[in-house]
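# Close look at the chain arrangement
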Amino acid sequence: NAGVIQTPRHKVTGKGQEATLWCEPISGHSAVFWYRQTIVQGLEFLTYFRNQAPIDDSGMPKERFSAQMPNQSHSTLKIQSTQPQDSAVYLCASSSSGNTEVFFGKGTRLTVV
Amino acid sequence: QQQVRQSSQSLTVWEGETAILNCSYENSAFDYFPWYQQFPGEGPALLIAIRSVSDKKEDGRFTIFFNKREKNLSLHIKDSQPGDSATYFCAASGASSGQKLVFGQGTILKVYL
């Protein structure tokens, strides 16, 4: 079990460019979560999917951020027109159906310059 | 508003002492409370968790004490080791929010020799 896999581990984008972050959940897990971590705001929920369907995106900034889960083995978080304030560690997590244990990946550190 | 609050931003103990990390919450609907341990450059790792029907959960050197009436809980780390030095996050979730976790701001624990 390789755990939740996130790629890339580090990404640097110029202001205004697009960034796509990838997540491979643990095999067999039906729920996938995205969180953002910064020193100031801590760990913030962004969105989550269950069985590939979007369930709750209440934490997603309404503009520029979108998440997809085209199949059960991967999810993407896309940020359009990145801004310096988007710089953070983006964490993906997964859990199995009916199980409240949530397992996190190592994160993608996004730096917008 | 801060739904989950950790009372200390940082805590320092000597090797062999018991470290006590405190957490409180506001939402009475929360019924699942995990603690996560995070090392620099890594994602949060599930350490131990408790459900609101219990008042104590023990796993090796780690114990959660839970007080539903007071809406608070604490993580006790017995016989602290330098390798326990990390950031500890208290989190909470409830049936109404699915498996979405709300995190406290974290407590940085340092264990000195």
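Since we're looking at a predicted model, the values are computed, not measured.

### Thoughts on the interface of chain B and chain A
Taken together, the contact between chain B and chain A spans 17 residues of the former and 24 residues of the latter. Each partner contributes to the roughly 1600 Å² buried at the junction of chain B and chain A, and carbon and sulfur atoms together form 48% of this total. Looking at the side of chain B facing chain A, the largest losses of area belong to Gln 99, Lys 100 and Phe 103 of chain B, adding up to 38% of the total buried there. Joining chain B to chain A, the criterion identifies two salt bridges. Notably, a salt bridge pairs Glu 42 of chain B with Lys 106 of chain A, separated by 2.7 Å at the nearest N-O pair. Here chain B is connected to chain A by nine residue pairs in polar contact (both at pLDDT 80 or more). At the level of secondary structure, the elements contributing two or more residues to the side of chain B that touches chain A comprise strand E4 (30-38) and strand E5 (45-51) of chain B. Take the side of chain B that touches chain A: its biggest share by element is three residues, from E4 of chain B.

### Description of the state of the cysteines
Two cysteines form a disulfide when their sulfur atoms are joined by a covalent bond. Under the counting rule described, the total for this entry stands at two disulfides over all chains. Covalent S-S linkage joins Cys 23 of chain A and Cys 92 of chain A, the inter-sulfur distance amounting to 1.9 Å. An S-S torsion of about -65° defines the bridge between Cys 23 of chain A and Cys 92 of chain A as left-handed. With Cys 23 of chain A in strand E3 (residues 19-24) and Cys 92 of chain A in strand E9 (residues 88-95), this pair connects stretches of sequence that are 69 residues apart. As far as burial versus exposure is concerned, Cys 23 of chain A and Cys 92 of chain A are alike and both buried. The partner cysteine of Cys 23 of chain B in its disulfide is Cys 90 of chain B, sulfur to sulfur 2.0 Å. Taking the torsion about the sulfur-sulfur bond, which here is approximately -75°, the covalent link between Cys 23 of chain B and Cys 90 of chain B counts as left-handed. Of this pair, Cys 23 of chain B sits in strand E3 (residues 19-25) while Cys 90 of chain B sits in strand E9 (residues 86-94), and the two are 67 residues apart along the sequence.

### Examining the sheet that holds strand E7 (residues 65-71) of chain A
Whether parallel or antiparallel, the strands of a sheet pair through hydrogen bonds between backbone atoms. Residues and elements named next belong to chain A. Taken together, four strands build an open sheet; the order of strands is E1-E3-E8-E7 and the sheet is antiparallel. A single partner strand is all that each edge strand has here, and the edge strands are strand E1 (5-7) and E7. The mean inter-strand angle of the sheet, taken between neighbouring strand axes irrespective of direction, is 20°. Bridge count for E1 against E3 is three bridges, and the pairing is antiparallel. What sits directly across from Ile 5, in E3, is Glu 24.

### Let's talk about the environment of Lys 71 of chain B
Residues and elements named next belong to chain B. Relative to the helices and strands, Lys 71 is located in the loop between strand E7 (62-67) and strand E8 (72-77). Overall, Lys 71 belongs to the partly exposed group, its relative accessible area being 26%. Considered as a pair, Lys 71 and Ser 24 are 47 residues apart in the sequence and their alpha carbons are 5.8 Å apart. Of the polar contacts made by the side chain of Lys 71, one reaches the backbone oxygen of Glu 26; its length is 3.1 Å.

Reading guide: rules and limits
- Residues numbered from 1 in each chain as written.
- Chains lettered and ligands numbered in written order.
- Predicted model: local features only at pLDDT ≥ 70, side-chain atom pairs only at ≥ 80, totals over all residues.
- Heavy atoms only, no water.
- Contact = heavy atoms within 4.5 Å.
- Buried area = accessible area lost by both parts, 1.4 Å probe.
- Salt bridge = Lys/Arg side-chain N within 4 Å of Asp/Glu carboxyl O.
- Polar contact = N/O pair within 3.5 Å; in protein donor to acceptor, adjacent residues only side chain to side chain.
- Helix = DSSP H or I, 4+ residues; strand = E, 2+ residues; numbered from the N terminus.
- Disulfide = S-S within 2.5 Å.
- Buried < 20%, exposed > 50% of the residue type's maximum accessible area, 1.4 Å probe, protein only.
- Pairing = 2+ DSSP bridges.
- Axes fitted to C-alpha atoms, helices over the stretch in contact; angles between N-to-C directions.

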